[in-house]
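# Observations on chain architecture
Each chain, letter by letter, is given below.
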Amino acid sequence: MENKEKKIRVVIVGGSVAGLTLAHCLGKSNIEYVVLESNCDIAPEVGASIGILTNGARILDQLGIFDDILDVIEPLVKATFWAENGKLIMENESPQIIHDRHGYPISFFDRQVLLEILYNRLGENQDRVYTGKRVVKVEHLPNKVLVHCKDQSVIEGDIVVGADGVRSTVRQEMWRYMESIGMEKEVKEEKGILSSEYSCVFGISAATLGLVPGYCHRTYEKDYSSLTIAGKDSRVFWFLFTKMDRVYAGSEIPRFSDEDMEKHLAQYSEKPITDTIPFSAIYQSAVSKTFLALEEGFHKKWCMDRFVCIGDSAHKMTPNMGQGGNSAIESAASLANHLTQLVRNSSNGGITLEDVKNCLNKFQTARQPRAEGIYTKANALTRLEACATLKNRLMALHALPYLKSYHIDRMTKTLVGAERLEYIPLPPRASNCTMPLHTQSGLPEKDKETPWIRAISTTPLIGCAMAAKSFMGSTMGAFGRI
Ligand SMILES: Cc1cc2nc3c(=O)[nH]c(=O)nc-3n(C[C@H](O)[C@H](O)[C@H](O)COP(=O)(O)OP(=O)(O)OC[C@H]3O[C@@H](n4cnc5c(N)ncnc54)[C@H](O)[C@@H]3O)c2cc1C
């Protein structure tokens, strides 16, 4: 007979953005948890940055963490967009407008610092986080999971959460379990999901003459794009996104050496970051830089019995939209909402496997549409910025300057209807703005674009015609500017 338990114990595998956020959320709900992180250092210096946008910031603010972030960032206020020949495509105050609309600045800083903040703010719950614990196997029993670590320790729980990134061991173990109960077909489909078409060199550089803190710059051209953000104390966070020679399936996704990176960067040394700053000016003063293939994959199956995956282990997107980590935060909050309901609704009888399954399935059903909408937009943005098709090129280089509010409204759409923690009140910042959270709006509702904008983004021929009409009608003349 199945054991009835009064409480649940959640084993979180992975102590990064998704795992540590979930730890905070569960802690606020008095749900027992442990975090198992394979690295010995919870906040390693890996030379990466992260942009926290409204949808992540709002949840971190609910958790009482956002003020720590404000202390270490320079709010973004201005964005400029450049073509390959160094001509300005457009400039606007979109980051400031987003701040005014939604209450939170776009906050770019070292990812290591975010992890430090998340860990430090756990306070006395830090002793629930175990570093140097590489999970190698998960045993699924009818009444519990046994999570095995490389150091031979075994941790027992009611639910195991895979917050262990794109190459998730928990996901592999969930697949192994599914195969053992006759779900080979579903597993086969899931295994083919990951692919990679774009690569990215990202880095952090010292202050660069001409780059103003709070300004970000994007360059769009055929098969590549770049993003540069000048942050607090003029620290420069930069990304070079390039299309690879082909689409690589999961098992064949390339890894790059330092030599590959240097050769690759050299090809872009003269490309403009602004009209006066070439790419070489920032990458030659880099304090860190990394070259990797960007994986993309949205798993249909996030949970099975006592297994559940969140963050990159469930939805891996390209970084151009800055939504991978923010979506991981949203998924952590959504899972915490569902687990809180599970515990609260089970006061008199304990929690059965059936209860756990229902809860995790509800989480998956509730969370997937929005996560998939953002995933699709993020990957599409990578292609738009790299002018992957004629319509992308028209949009990025020619139509965007005429579509200022369209560009900002698209961003608003992803930010306004996000997840929130249902059991913690919204902080004042989330309401003291012109477009506060509205959980029923935003993605994945159908875009509310004007018909001619939709035409540009969906039909190359009509797009050409409309763009041409727009250019002719303009006194400036788009081609004169680009
Ligand atoms: C170049 C680049 C730029 C990005 N910029 C942004 C941005 O501006 N904004 C944004 O929101 N997102 C950004 N992202 C995406 C973001 O970094 C990820 O989506 C986010 O970090 C995912 O967090 P996660 O916790 O799910 O996974 P990860 O960050 O991958 O963490 C997984 C953790 O699990 C641990 N782990 C792995 N295997 C095991 C195991 N077997 N046992 C125990 N522990 C294990 C790992 O050590 C790691 O700490 C960017 C990504 C890239 C590549």
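Counting starts from 1 at the beginning of each chain's written sequence and moves along it residue by residue. Reporting in this predicted model follows two pLDDT cut-offs: at least 70 for local features of residues, and 80 or more for side-chain atom pairs to be given and counted; totals over whole chains, interfaces and linings ignore these cut-offs and use all residues. Hydrogens and waters are ignored; side-chain quantities use all the structure's heavy atoms.

As recorded by an unreviewed UniProt entry, the chain carries the name FAD-binding domain-containing protein and is attributed to Penicillium frequentans. UniProt positions are given in the numbering used here, feature names are shortened, and annotations may be inferred rather than shown by experiment. As stated in UniProt under Sequence similarities (unreviewed entry), the record for the chain gives "Belongs to the paxM FAD-dependent monooxygenase family." In its Subcellular location (unreviewed entry) section, the UniProt entry covering the chain states "Membrane".

For the purposes of this entry, the term helix denotes a DSSP run of H or I that reaches at least four residues, the term strand denotes a run of E that reaches at least two, and both are numbered from the N terminus. Secondary structure summary: the chain contains 17 helices and 19 strands in total. Put simply, the chain has 482 residues, and 57% of those count as buried. A separation of at least 24 residues holds for 74% of the contacts in the chain among residues at least 6 apart in sequence. Any residue under 20% of the maximum accessible area for its type is buried, any over 50% is exposed, and the rest in between are partly exposed; the area is computed with a 1.4 Å probe on protein chains only. The contact criterion used throughout is that any non-hydrogen atoms of two residues lie within 4.5 Å.

So, about the UniProt feature "domain: FAD-binding" (unreviewed entry) in the chain. With numbering aligned to this structure, UniProt lists the feature "domain: FAD-binding" (unreviewed entry) at residues 8–345. Here residues 8–345 runs as 30% helix and 33% strand, with 12 Å between its end C-alpha atoms.

It is worth spelling out the site of the ligand at this point. In the vicinity of the ligand, 31 residues are found, and the nearest of them are Glu37, Gly51, Arg111, Asp312 and Gly325. Here asparagine 39 contributes a side-chain N or O atom positioned 3.5 Å from an oxygen atom of the ligand. The term polar contact refers here to a pair of N or O atoms within 3.5 Å; inside protein, the definition further demands a hydrogen-donor-capable atom paired with an acceptor-capable atom, and it admits residues adjacent in sequence only when both atoms are side-chain atoms. Arginine 111 has a polar side-chain atom sitting 2.6 Å from an oxygen atom of the ligand. Note that accessible areas follow from Shrake-Rupley with a 1.4 Å probe, and for residues the cover is restricted to the protein chains shown. Coverage of the ligand by the protein chains reaches 88% of its 1,000 Å² of free accessible surface. For the shell around the ligand, the secondary-structure elements that each account for two or more residues are α1 (17–28), β3 (49–52), β12 (195–205) and α10 (324–344). At three residues, α10 tops the list of elements feeding residues into the shell around the ligand. The residue inventory of the shell around the ligand, partitioned by class, reads twelve nonpolar, 13 polar and six charged. Proximity criterion: a residue is near a molecule or strand once any of its heavy atoms comes within 4 Å of it. Side-chain classes are defined by residue name, with Ala, Val, Leu, Ile, Met, Phe, Trp, Tyr, Cys and Pro counting as nonpolar, Asp, Glu, Lys and Arg as charged, and the others, Gly among them, as polar.

Secondary-structure assignment places serine 205 in strand β12. Given a relative accessible area of 0%, serine 205 falls into the buried group. When the C-alpha positions of serine 205 and threonine 434 are compared, they lie 35 Å apart, and in sequence the two are 229 residues distant. Setting aside chain neighbours within four positions, we find serine 205 in contact with Ser234, Arg235, Val236, Trp238, Ile282, Ser285, Ala286 and Val287.

By definition here, a salt bridge exists when the distance from a side-chain nitrogen of Lys or Arg to a carboxyl oxygen of Asp or Glu is within 4 Å. For the coordinates displayed, the defined rule picks out 30 salt bridges. Residue arginine 429 pairs with aspartate 67 through a salt bridge whose shortest N-O separation is 3.1 Å. Of this pair, arginine 429 sits in helix α14 (residues 428–431) while aspartate 67 sits in helix α3 (residues 66–72), and the two are 362 residues apart along the sequence. Judged by its relative accessible area of 25%, arginine 429 is partly exposed. Owing to a relative accessible area of 43%, aspartate 67 belongs among the partly exposed residues under this scheme. Glutamate 262 is the partner of lysine 289 in a salt bridge, and the nearest nitrogen-oxygen pair spans 3.4 Å. Here glutamate 262 lies in helix α8 (residues 258–266) and lysine 289 lies in strand β16 (residues 286–298), a separation of 27 residues in the sequence.

The next point concerns the environment of glycine 103. Along the chain, glycine 103 turns up in the loop between α4 (94–102) and β6 (107–110). Placed 72 residues apart in sequence, glycine 103 and isoleucine 31 show a C-alpha to C-alpha distance of 30 Å. Excluding its chain neighbours within four sequence positions, the residues that come into contact with glycine 103 are Ile98, Arg429 and Cys433.

The subject of this paragraph is the packing of aromatic side chains. How two aromatic rings sit relative to each other is set out by the distance from centre to centre and by the angle between their planes. Aromatic rings from Phe, Tyr and Trp, taking only the six-membered ring of Trp, are treated as a pair when their centres fall within 6.5 Å; an angle between ring planes under 30 degrees marks them as stacked, one over 60 as edge-to-face, and anything in between as tilted. A full pass over the atoms with the stated rule returns 13 aromatic pairs. Both rings, one in phenylalanine 279 and one in tyrosine 283, keep their centres 5.2 Å apart while their planes meet at 55°; by these two values the pair is tilted. On the criterion of helical spacing, the pair formed by phenylalanine 279 and tyrosine 283 is a turn pair, its members being four residues apart in helix α9 (residues 279–283). The same class applies to phenylalanine 279 as to tyrosine 283, namely buried. A connected cluster of aromatic rings, assembled from ring pairs, spans Phe108, Phe237, Phe239 and Phe241. Note on geometry: a ring has a charge over it if NZ (lysine) or CZ (arginine) is within 6 Å of the ring centre and within 35 degrees of the ring normal. The ring of tyrosine 33 has arginine 128 lying over it, and the distance from NZ or CZ to the ring centre is 4.5 Å.

Turning next to the packing of helix α11 (residues 353–385) against helix α13 (residues 404–416). Fitting a line to C-alpha atoms yields each axis, with helices limited to the stretch in contact; the angle taken between N-to-C directions then spans 0 to 180 degrees. In the contact formed by α11 and α13, the axes pass within 11 Å of each other and the chain directions differ by 150°. With respect to each other, α11 and α13 are oriented roughly antiparallel. Along this stretch, α11 crosses α13, giving a crossing that reads as left-handed. On the side of α11, the interface is formed by Arg370, Ile374 and Lys377, while α13 contributes Arg410, Lys413 and Thr414. For the contact of α11 with α13, a count of residues per class yields one nonpolar, one polar and four charged. Oblique is the label for any angle not covered by the other classes, which are roughly parallel (under 35 degrees), roughly antiparallel (over 145) and roughly perpendicular (65 to 115). For a crossing to be left-handed, the near helix must be turned anticlockwise from the far one by less than a right angle; the clockwise case is right-handed.

A separate point is the sheet that holds strand β17 (residues 303–304). If you trace the six strands from one edge of the open sheet to the other, you get β7-β2-β1-β11-β18-β17, paired in mixed fashion. For this open sheet the edge positions go to β7 (129–130) and β17, each flanked by a neighbour on one side alone. Pairing analysis gives four bridges linking strand β1 (residues 9–13) to strand β11 (residues 159–162), with the strands arranged parallel. Residue pairing in the sheet places valine 13 in a bridge with glycine 162 of β11. Of the strands in this sheet, β11, β17 and β18 (307–309) are in contact with α11, which crosses β18 at around 15°. By this definition, two strands are paired if DSSP reports at least two bridges between them.

A separate point is the sheet that holds strand β8 (residues 135–141). Taken together, three strands build an open sheet; the order of strands is β8-β9-β10 and the sheet is antiparallel. Each edge of the open sheet is held by one strand with a lone partner, namely β8 and β10 (154–157). The sheet shows a mean angle of 20° between the axes of neighbouring strands, direction not considered.

The next point concerns helix α2 (residues 54–62). With nine of nine residues buried, α2 is to be regarded as a mostly interior element. Thr54, Asn55, Gly56, Ala57, Arg58, Ile59, Leu60, Asp61 and Gln62 are the residues of α2 that are buried. The first or second residue beyond α2 is glycine 64, which carries a positive phi of 80°.

Now for the pairing of strand β5 (residues 88–92). The pairing of strand β4 (residues 78–83) with β5 spans four bridges and is antiparallel. Among the inter-strand pairings, phenylalanine 81 is bridged to a residue of β5, identified as methionine 90.

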